[in-house]
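Residues per chain are reported as follows:
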Amino acid sequence: MASDVEAVSWYSIGAVARKTGISVHTLRAWERRYSLVAPHRSAGGTRLYSNADILRLRLLRRASEAGYSIGRIAGMSVEELREILKQSLDEPQSVTASAAGAKGRLAESRWLVDEILKAVELMDGERTHAFLMRAVVTLPVQRVIDDLIVPTLREVGDRWAAGAICPANEHLLSVNVRRVLSWLTEAVPVEANAPAAIVTTPSGHWHELGAQIAGLRAAEAGWRVIFLGPNLPARDILRAVEVTGALLVLLGVTMPEEEILRNELTELRNLLPAHVTIVVGGRGAEPYQPVLSTLGVRYIPGFEALTGELRALASEVDLLEEI
């Protein structure tokens, strides 16, 4: 007779993240701080989660989104979680609680942005990195990107353009954001059969942070990310695809209205096999939408839409389990 462990379906932490909508980093932080679930450990020490764990985590996520503090609900049973979720749908005050929770989350993110900006102005790299890592530990990855990193980068860019800070300040922030994004991407567990994605920027494009954020989104969506930095010509991207067997090329574009970029994208699409998908994102790509459509290159206008697109692409190659 099979043992109880053998009779239960077990899931890796990456699979659980996809099934629950909770990032791997948040799952680990919640386990460490609140002991929300007690995953089984394989002989090799890998976390393995049951269907019951997944159900509980889904309910906890929904309750957290409804405005309940995770510290408050961490010890609740599945039945208790279902009850408070039912109440949040039935009672008018749940709208107020949800709004208050959203307001609190926004205030927390704004405080972190302000602290990072102060550190950047003082050229304090250690403090800048410390506040970025504090966000990584305490916030879901999506909020780290959308509510912290992206707004901070834009504010620093605006201050640089206005002459309020110098290029050295912007470089200090960029260096530390790269460190954090690299850490986040490397921490995402990769399935053994995950499809490979090349992430870079086209020739002449030196600002790679947008591409690096997109690479993190790709990793969370189930891709094995190979980040090659900025400024990569079409023929070098082709070589990387040939060596790695990548099925996706993800490009970040920041400079609009550039004939060189048009030519690079045209050459790249002509060089790559038809089964390799090219996805382009970034503010600089918007003017090229008609050209991209003609080439069969996908344009994704924002990071939120990108995540869904990358999950769909991963499913199309039949290398991820059903979500």
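Since the model is a prediction, treat every value here as computed from it, not as a measurement. (Residues numbered from 1 in each chain as written. Predicted model: local features only at pLDDT ≥ 70, side-chain atom pairs only at ≥ 80, totals over all residues. Heavy atoms only, no water.)

Turning our eyes to something else, we now look at the overall build of the protein. Scanning the protein from N- to C-terminus turns up 15 helices and seven strands. Put simply, the protein shows about 16000 Å² of open surface, and 53% of that area lies on carbon and sulfur atoms. (Helix = DSSP H or I, 4+ residues; strand = E, 2+ residues; numbered from the N terminus. Areas by Shrake-Rupley, 256 points an atom, 1.4 Å probe, with all protein chains shown as cover.)

Attention now moves to unusual backbone geometry. If you check the backbone angles, methionine 123 has positive phi at about 60 degrees while not being a glycine. Here methionine 123 is to be found in the loop between α7 (93–121) and α8 (125–138). A residue is classified by how much of its surface remains accessible, and methionine 123, at 40% relative accessible area, is partly exposed. Located in the positive-phi region is asparagine 231, a residue other than glycine, with phi close to 60 degrees. For asparagine 231, the location among the structural elements is in the loop between β4 (224–227) and α12 (234–244). (Buried < 20%, exposed > 50% of the residue type's maximum accessible area, 1.4 Å probe, protein only.)

What follows is about the pattern of salt bridges. In this structure the tally under the stated criterion is 12 salt bridges. In this structure, lysine 118 engages glutamate 115 in a salt bridge whose closest nitrogen and oxygen atoms are separated by 3.4 Å. Placement of both lysine 118 and glutamate 115 in helix α7 is noted, with a separation of three residues, approximately one turn of the helix. A residue is classified by how much of its surface remains accessible, and lysine 118, at 48% relative accessible area, is partly exposed. (Salt bridge = Lys/Arg side-chain N within 4 Å of Asp/Glu carboxyl O.)

Here we have five strands laid out as an open sheet, ordered β4-β3-β5-β6-β7, and parallel in their pairing. Where the open sheet ends on each side, the last strands, each with one partner, are β4 and β7 (298–300). Taken over all neighbouring pairs, the strand axes of this sheet differ in orientation by 25 degrees on average, direction set aside. Pairing between strand β6 (residues 277–281) and β7: three bridges, direction parallel. Pairing of glycine 281 across the sheet is with isoleucine 300, part of β7. Strands in contact with α12 are β3 (196–200), β4 and β5 (248–252); relative to β3, the strand with the most contacts, it is inclined by about 160 degrees. (Pairing = 2+ DSSP bridges. Axes fitted to C-alpha atoms, helices over the stretch in contact; angles between N-to-C directions. Contact = heavy atoms within 4.5 Å.)

Quick look at the side chain of glutamate 208 now. Considering the arrangement of structural elements, one finds glutamate 208 in the loop between β3 and α11 (209–220). Ignoring anything within four residues of it in the chain, the contact list for glutamate 208 reads Arg178, Thr201, Phe227, Gly229 and Pro230.

What follows is about the packing of helix α2 (residues 13–20) against helix α3 (residues 24–34). Axis separation between α2 and α3 bottoms out at 9 Å; the angle between their running directions is 105 degrees. The angle between α2 and α3 places the two elements in the roughly perpendicular class. Seen from α2, the contacting residues are Ile13, Gly14, Val16 and Ala17; seen from α3, they are Val24, Leu27 and Arg28. By residue class, the composition of the contact of α2 with α3 is five nonpolar, one polar and one charged. (Parallel < 35°, antiparallel > 145°, perpendicular 65-115°, else oblique. Nonpolar A, V, L, I, M, F, W, Y, C, P; charged D, E, K, R; others polar.)

Taking burial as the measure, the five residues of β6 include five buried ones, the bulk of the element. Residues Thr277, Val279 and Gly281 point to one face of β6 and Ile278 and Val280 to the other, with burial holding for every one of them. Alignment of β5 against β6, held across five bridges, turns out to be parallel. Looking at the pairing, leucine 248 lines up with threonine 277 of β6. This β-α-β element, β6 to helix α14 (residues 289–295) to β7, shows right-handed connectivity. (Right-handed = clockwise from strand over helix to strand, strands pointing away.)

Time to look at the packing of aromatic side chains. This model, assessed by the stated rule, comprises one aromatic pair. Taking 5.6 Å as the distance between ring centres and 75 degrees as the angle between the ring planes, the aromatic pair formed by tryptophan 111 and phenylalanine 131 counts as edge-to-face. With tryptophan 111 in helix α7 and phenylalanine 131 in helix α8, this residue pair connects regions lying 20 residues apart in the sequence. For tryptophan 111, a relative accessible area of 37% corresponds to the partly exposed category. (Phe/Tyr/Trp six-rings, centres within 6.5 Å; stacked < 30°, edge-to-face > 60°.)

In this section: the packing of α2 against helix α4 (residues 51–65). Direction vectors running N to C along α2 and α4 enclose 45 degrees, while the axes themselves pass 10 Å from each other. Overall, the two elements α2 and α4 adopt an arrangement that is oblique. Along this stretch, α2 crosses α4, giving a crossing that reads as right-handed. Two secondary-structure elements touch here, α2 through Val16, Lys19 and Thr20 and α4 through Ile54, Leu57, Arg58 and Arg61. The residue inventory of the contact of α2 with α4, partitioned by class, reads three nonpolar, one polar and three charged. (Left-handed = near helix turned anticlockwise from the far one by under 90°.)

Our focus in this paragraph is the pairing of β4. Pairing analysis gives four bridges linking β3 to β4, with the strands arranged parallel. Following the sheet pairing, alanine 196 is matched in β4 by arginine 224.

Turning to the environment of glutamate 208, a few remarks are in order. Of the residues examined, glutamate 208 reaches a relative accessible area of 9% and is grouped as buried. Within polar-contact distance, the side chain of glutamate 208 engages the side chain of arginine 178 at 2.7 Å. (Polar contact = N/O pair within 3.5 Å; in protein donor to acceptor, adjacent residues only side chain to side chain.)

Our focus in this paragraph is the confidence of the model for the protein. The predicted model of the protein has a mean per-residue pLDDT of 83, with 87% of residues at 70 or higher. Segment residues 1–7: pLDDT under 50, and two contacts once partners within four positions in sequence are set aside and those in other chains are kept. (pLDDT = per-residue confidence, 0-100.)

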